[in-house]
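Next come the chains, spelled out residue by residue.
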Amino acid sequence: MRLQRNVSTIAGLGMTQGARAFGTVGLPLFVLTVSGFYGLSHLVQGKFDVQAQRQKVVDLKVDPEKQKSFSLEEELQKLRNSVDINNYENKPVPRTEDE
């Protein structure tokens, strides 16, 4: 009994099973991976283009010369001056008939 070698011929080319496995499994996997990366990069780039265009439109609406500076400390002082937290009255929230 003779030991057989692990060689198969594909259309007379004499390709080994390793080469055939790459052609039937590895190459399609590689092609799908590269084409998927290419397609996703176009989708993501389109998303970024739309966001940049919307930001450009928003930036055009606000005139930087007329825009006044904003400070959180100033807003906090305005709020503290307008609300008296020492004198308040507890009022119940009106409930609906369902509750």
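Visitor: Sorry, what's going on with the overall build of the protein chain here?
Guide: When helices and strands are tallied, the protein chain shows two helices and zero strands. When burial is assessed residue by residue, the protein chain has 2% of its 99 residues classed as buried. Here the protein chain displays about 10400 Å² of accessible surface, and carbon together with sulfur accounts for 59% of that area.

Visitor: It is not clear to me how a nonpolar patch on the surface should be interpreted in this structure. Could you clarify?
Guide: Together, Phe22, Leu27, Phe30, Val31 and Val34 line one region of the surface with nonpolar side chains, adding up to about 490 Å² of accessible area. Inspection of the secondary structure puts Val34 in helix α1 (residues 17-61). Residue Val34 is classed as partly exposed on the basis of its relative accessible area of 44%.

Visitor: What should I look at first to understand the pattern of salt bridges in this one?
Guide: Note that side chains of opposite charge can pair when their charged atoms are close. Taken as a whole and assessed by the stated rule, the structure comprises one salt bridge. Note that Lys78 is salt-bridged to Glu75, the shortest N-O span being 3.6 Å. Taken as a pair, Lys78 and Glu75 lie in helix α2 (residues 72-82) at a separation of three residues, close to a single helical turn.

Visitor: Help me understand the confidence of the model for the protein chain, please; the structure alone is not making it clear to me.
Guide: Reading fine detail from the predicted coordinates is not recommended where pLDDT is low. Per-chain confidence: the protein chain averages 79 in pLDDT, with 76% of residues scoring 70 or above. In the predicted structure, residues 6-10 sits below a pLDDT of 50 and forms 10 contacts with residues beyond four places in sequence or in another chain.

Conventions we followed
Residues numbered from 1 in each chain as written. Predicted model: local features only at pLDDT ≥ 70, side-chain atom pairs only at ≥ 80, totals over all residues. Heavy atoms only, no water. Helix = DSSP H or I, 4+ residues; strand = E, 2+ residues; numbered from the N terminus. Buried < 20%, exposed > 50% of the residue type's maximum accessible area, 1.4 Å probe, protein only. Areas by Shrake-Rupley, 256 points an atom, 1.4 Å probe, with all protein chains shown as cover. Patch = residues over 30% accessible without salt bridge, like charges linked within 9 Å, V, L, I, M, F, W, Y side chains within 5 Å. Salt bridge = Lys/Arg side-chain N within 4 Å of Asp/Glu carboxyl O. pLDDT = per-residue confidence, 0-100. Contact = heavy atoms within 4.5 Å.

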